[in-house]
Amino acid sequence: MTIGAFSRLSRLSLKALRLYDALGLLPPAQVDPASGYRLYSAQQLERARAIGLLRQLELPLPQIQSLLDAPPAQRGAMLHAIWQELEHLHQQRRALAEYLIRQTYKQRQEAAEMTQTDSLPVQQRQVPEQRFATLTRRVYVDQLSDVIRQGLGQLHALAGPQATGPSVVIYHGEVNADSDGPIEMCVPYAGTLTAPDGVTLRTEPAHAEAFVTLTKQQFQFPAILHAYDAADAYAKAHGTSGPLACREVYHTDWDAAGEDDLVGDVARPFLPAGRESDELRSEA
């Protein structure tokens, strides 16, 4: 049948059919060598309708092609896995929307009341001067977990038994779909190390920081935003911001931890009230 007839029966537009042909997703059964007309068979209607339905799930075309090209016995499990991932992303977006509504659009009094009832416990500590082996990377959010895992693994392999404390990831800029940080991955060490190319050895000054300890589940985006807000609010209420950037501190084996296990801290370095003048004098 002609592309026009196939379009009417499949309910796919001519534009879509030409695109699917170009991508190899739904090529015509044959092309007339004289006229160049695309000709489709009735047997292709099932695939065409499946493509139309899957597009309503907003699946990207390459993913649809992989699904439809798989053996029929595997397609159900594949689609189930795809749908689970879509539901997970939807839950993230819903949680982010609720966070933005709370932080941006609620009246100040309403936000204060909500924060008072469900705020995370914030603590304060004094962190001594440390020597860090560090790697700095520019990374977007979709690659963040893999880059952190690889970077900290490389630093721990370098430090070996000379590693002296929890791993730290410092955020020197926003990391999202449009902004790539940078981030600095740090492992504290004692003794002497020889830094290979790309690794920096530096001293992190002693400082005070407000921190919130989180479970593995609470570290997931966007739930972690509440911890950053709580640490920032504490630091602002008890002092002023200093030169050091916000960070995450990991003090357990992430991969071995369960979802409800405490795995690390979100920390905000700051200058406690009464110490700002001391800090300024020391810098002078």
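The protein chain carries the name MerR family transcriptional regulator in an unreviewed UniProt entry, which gives Deinococcus puniceus as its organism.

Colleague: I would appreciate a short explanation of the pairing of strand β4 (residues 130–137) in the present structure.
Modeller: The two faces of the sheet receive side chains in turn, since in a regular strand these alternate between them. Relative to strand β7 (residues 200–204), β4 runs antiparallel, the two sharing five bridges. Considered in β7, the bridge of Q130 is made with E204. In the sheet, β4 pairs with strand β6 (residues 183–188) via six bridges, with the strands oriented antiparallel. Looking at the pairing, T136 lines up with E184 of β6.

Colleague: I keep staring at the nonpolar core and nothing clicks. Help me out?
Modeller: Proteins that are soluble and globular tend to have nonpolar side chains buried together. Within the largest apolar cluster, 31 residues are counted, with the highest numbers of intra-cluster contacts made by I148, L152, L155, V169, Y171, I183 and M185. For this core, the secondary-structure elements that each account for two or more residues are β4, α7 (144–159), β5 (167–171), β6, β8 (207–215), α8 (224–238) and β11 (262–272). Among the elements that take part in this core, α7 stands out by supplying six residues, more than any other. Residues contacting I148, with those up to four places away along its chain left out, are V169, Y171, I183, M185 and Y250. Counting residues in each nonpolar core, the second largest holds 19 residues, with L12, A16, I64 and L67 among its members.

Colleague: Please explain the environment of Q65 as it appears in this structure.
Modeller: Secondary-structure assignment places Q65 in helix α4 (residues 61–69). Overall, the relative accessible area of 22% leaves Q65 in the partly exposed class. Once the C-alpha coordinates of Q65 and F219 are considered, the two residues, 154 residues apart in sequence, prove to be 34 Å apart. Excluding anything up to four places from it in sequence, Q65 contacts L23, G24, L25 and R47.

Colleague: Mind showing me how you'd approach the UniProt feature "domain: HTH merR-type" (unreviewed entry) in the protein chain here?
Modeller: Look at the UniProt record and you will see "domain: HTH merR-type" (unreviewed entry) annotated at residues 1–70. End C-alpha atoms of residues 1–70 are separated by 26 Å, and the span's content is 56% helix alongside 6% strand.

Colleague: Is there a simple way to explain the domain arrangement of the protein chain in this structure?
Modeller: By convention, interface size is frequently given as the accessible area that disappears when the constituent parts associate. Each assigned domain of the protein chain is listed here: domain 1 (3–69) and domain 2 (123–272). A straight line from the C-alpha centre of domain 1 to that of domain 2 covers 49 Å.

Colleague: I keep staring at the pattern of salt bridges and nothing clicks. Help me out?
Modeller: Side-chain pairing between opposite charges can occur once the charged atoms of the two side chains come close. Applying the stated rule across the entire model yields eleven salt bridges. A salt bridge links E209 to R125, with the nearest nitrogen and oxygen atoms 2.9 Å apart. Residue E209 is located in strand β8, and its partner R125 is located in strand β3 (residues 123–127); the two are separated by 84 residues in the primary sequence. Relative accessible area serves as the criterion here: at 3%, E209 is assigned to the buried category. Residue class for R125 comes out partly exposed when judged on its relative accessible area of 24%. Linking E204 and R247 is a salt bridge whose minimum nitrogen-to-oxygen distance equals 2.5 Å. Within this pair, whereas E204 is found in strand β7, its partner R247 is found in strand β10 (residues 247–250), the two being separated by 43 residues in sequence. With a relative accessible area of 1%, E204 lands in the buried category.

Colleague: What am I meant to see in helix α2 (residues 14–23) here?
Modeller: Three or four residues apart is the spacing at which side chains of an α-helix point the same way, because the helix has 3.6 residues per turn. Along α2, the residues classified as buried are A16, L17, Y20 and D21. When α2 is viewed along its axis, its buried side chains cluster within an angular range of 135 degrees and face the same direction. Opposite its buried face, α2 presents the exposed residues K15 and A22, each directed more than 90 degrees away. Where α2 is buried, its residues contact α1 (3–10), β2 (38–39), α3 (45–56) and α4. The first or second residue beyond α2 is G24, which carries a positive phi of 80 degrees.

Scoring rules and cut-offs
Residues numbered from 1 in each chain as written. Predicted model: local features only at pLDDT ≥ 70, side-chain atom pairs only at ≥ 80, totals over all residues. Heavy atoms only, no water. Pairing = 2+ DSSP bridges. Helix = DSSP H or I, 4+ residues; strand = E, 2+ residues; numbered from the N terminus. Core = buried A, V, L, I, M, F, W, Y, C linked by side-chain atoms within 4.5 Å. Buried < 20%, exposed > 50% of the residue type's maximum accessible area, 1.4 Å probe, protein only. Contact = heavy atoms within 4.5 Å. UniProt positions renumbered as here; feature names shortened; annotations may be inferred. Domains from an automatic or database assignment. Salt bridge = Lys/Arg side-chain N within 4 Å of Asp/Glu carboxyl O. Arc of directions from axis to C-beta.

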